[in-house]
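# Summary of the model geometry
The chain contents come next:
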Amino acid sequence: MSEHAFATRAIHAGQAPDPTTGSIIPPIYQASTHVQDGIGGFRDGYEYNRAGNPTRSSLETQLAALEGGSAALSFASGLSAEDALLRGILKPGDHVVLGNDVYGGTYRLFARVFASWGVETTTVEMSDADQLRAAIRPETRIVWVETPSNPLLKIVDIAAVAEIVHAAGAIVVVDNTFASPALQQPLSLGADLVVHSTTKYLGGHSDVLGGAVVFGDDRFIEQVKFQQFAVGAVSAPFDAWLTTRGIKTLAVRVRQHSENAQAIAEWAAGRPEFATVYYPGLASHPGHDIAAAQMSGFGGMLSLGLSAGAGAARAFAESTELFQLAESLGGVESLIGYPPDMTHASVRGTALAVPENVVRLSVGIEGVDDLIADLEQGLARL
Ligand SMILES: *Cc1c(COP(=O)(O)O)cnc(C)c1O
């Protein structure tokens, strides 16, 4: 499938019709185990659901095709995918460099889980090459990049980071959840591995939790797959099927998310109620040029800094109607959140804390005039 366009791969990779019935959609293999033709006589290699399931395999083929990877593994959540990747690759004494605004749950995984296993972390401003170089030690194994970042939409030049990191003998992992592979394919920019919370844009309909690791080559597959098999944080067949279904419309959804977010960013940039508009699609954004070069669109996430401060930000987050107050992102419906108390509550008081006047929007694919009218009525209620 690799010669086909992204939208074609999203629809067809791993999705051949059922060979017995011709069902155009491969069935959901809702089974915990597979009958053997004599002891060890596995059909198509399937034995037991924790080790492999045909519905999950379909999704994994689709995920690898989206990112241009050699293989992918599908997990029960984004964080369980990260956990398996890290346990597969790291050992006690290893060191990891993180961006200073990575997803709060990722930071928590390092600070509260891996720290007790003897893995040290340093957080840096990832867009500052000198800071990155200074943080890398002989024990540094992984440099963890998120771009655009959450919730301040900072942009990191993936190719530039990969060059520095590879020269030091470490590897680059990119959490590509915010951009989705429809807009950015980190493996083609030099990243070694990609992780996703498929809960977000890939699933796209706020109805399923999931995660993925996508491999650029074969170096790490066996050890991460072993963690998946040994621990079992796999995606359930129905969840894998829902994710596959969501992915088929990813290209058109993300195009509309980006168009709506751009319109809202431009509207917000002209409103005195907002001191800062964090959106890489605005020419004034410090990462605009890099984003324009490494992404094929600017995405559906944007954050707004309220001029009147924290109280106004909290009130605004509670005053919109179409923008529903909830954690998560990437679904067809618009969401609003107050990161300091919601998605980023776990990093309050740390170096990763989010400014207290910031609200985050996950711009959905509703009619954009309705969305802007909703934000206007929210401002009027402040
Ligand atoms: C949501 C999210 C995660 C965690 O994924 P879950 O599916 O919630 O476990 C990781 N990274 C980013 C950028 C996210 O937005």
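Because the structure is predicted, anything quoted here is derived from the model rather than measured.

Attention now moves to the UniProt feature "modified residue: N6-(pyridoxal phosphate)lysine" (unreviewed entry) in the protein chain. Under the local residue numbering, the UniProt record ascribes the feature "modified residue: N6-(pyridoxal phosphate)lysine" (unreviewed entry) to K200. For K200, the residues in contact, after removing those within four places along its chain, are T177, S328, L329 and G330.

Okay, the sheet that holds strand β5 (residues 171-175) next. Here we have seven strands laid out as an open sheet, ordered β1-β7-β6-β5-β4-β2-β3, and mixed in their pairing. Two strands lie at the open edges of the sheet, namely β1 (71-75) and β3 (120-124), each paired on one side alone. Between one strand axis and the next, the sheet turns through 20 degrees on average, direction left out of account. Its contacts with the sheet place helix α2 (residues 54-67) against β1, β6 (193-197) and β7 (211-215), and it is angled at close to 125 degrees to β1.

As a further point, take helix α12 (residues 368-380). The end-to-end C-alpha separation of α12 is 18 Å, in line with the 18 Å expected for 13 residues at 1.5 Å each. The complete set of buried residues in α12 reads L371, I372, D374, L375, G378 and L379. Looking straight down α12, one finds that the buried residues subtend no more than 155 degrees of arc, so they occupy a single side. In α12, the exposed positions angled more than 90 degrees off the buried face are occupied by D369 and A380. If you follow the buried residues of α12, they end up packed against α9 (250-269), β8 (274-278), α11 (310-317) and β12 (358-362).

Assignment of secondary structure puts A72 in strand β1. Along the primary structure A72 and V194 are separated by 122 residues, whereas in three dimensions their C-alpha atoms are 9.2 Å apart. Sequence-distant contacts of A72, defined by excluding residues within four places in its chain, comprise E60, L63, A64, V213, V214 and F215.

In this section: the site of the ligand. Near the ligand there are 13 residues, and of these G78, D175, S197, T199 and K200 occur at the shortest range. Between the ligand and L79 there is a distance of 2.9 Å, counted from an oxygen atom to a backbone nitrogen or oxygen. Within the side chain of T199, an N or O atom sits 2.8 Å from an oxygen atom of the ligand. Among the elements that take part in the shell around the ligand, helix α3 (residues 78-89) stands out by supplying three residues, more than any other. When grouped by side-chain class, the residues that make up the shell around the ligand number three nonpolar, six polar and four charged.

Let us now look at the domain arrangement of the protein chain. You can read the domains of the protein chain as domain 1 (6-247) and domain 2 (251-380). On the side of domain 2, 38 residues touch domain 1, which itself brings 37 residues to the contact. In total, about 2900 Å² of surface goes out of reach between domain 1 and domain 2, with carbon and sulfur atoms giving 64% of it. Counting the surface domain 1 buries against domain 2, the share from its top three residues, I155, L183 and Y201, is 26%. Along the contact surface separating domain 1 from domain 2 lie zero salt bridges. Joining domain 1 to domain 2, the criterion identifies 13 residue pairs in polar contact (both at pLDDT 80 or more). Every element with two or more residues in the side of domain 1 that touches domain 2 is listed here: α1 (6-12), α4 (104-113) and α8 (237-247). With three residues, the single largest contributor to the side of domain 1 that touches domain 2 is α4. Across the side of domain 1 that touches domain 2, the residue classes break down as 19 nonpolar, 14 polar and four charged.

Conventions we followed
- Residues numbered from 1 in each chain as written.
- Predicted model: local features only at pLDDT ≥ 70, side-chain atom pairs only at ≥ 80, totals over all residues.
- Heavy atoms only, no water.
- UniProt positions renumbered as here; feature names shortened; annotations may be inferred.
- Contact = heavy atoms within 4.5 Å.
- Pairing = 2+ DSSP bridges.
- Helix = DSSP H or I, 4+ residues; strand = E, 2+ residues; numbered from the N terminus.
- Axes fitted to C-alpha atoms, helices over the stretch in contact; angles between N-to-C directions.
- Expected span 1.5 Å × (residues − 1).
- Buried < 20%, exposed > 50% of the residue type's maximum accessible area, 1.4 Å probe, protein only.
- Arc of directions from axis to C-beta.
- Near = heavy atom within 4 Å.
- Polar contact = N/O pair within 3.5 Å; in protein donor to acceptor, adjacent residues only side chain to side chain.
- Nonpolar A, V, L, I, M, F, W, Y, C, P; charged D, E, K, R; others polar.
- Domains from an automatic or database assignment.
- Buried area = accessible area lost by both parts, 1.4 Å probe.
- Salt bridge = Lys/Arg side-chain N within 4 Å of Asp/Glu carboxyl O.

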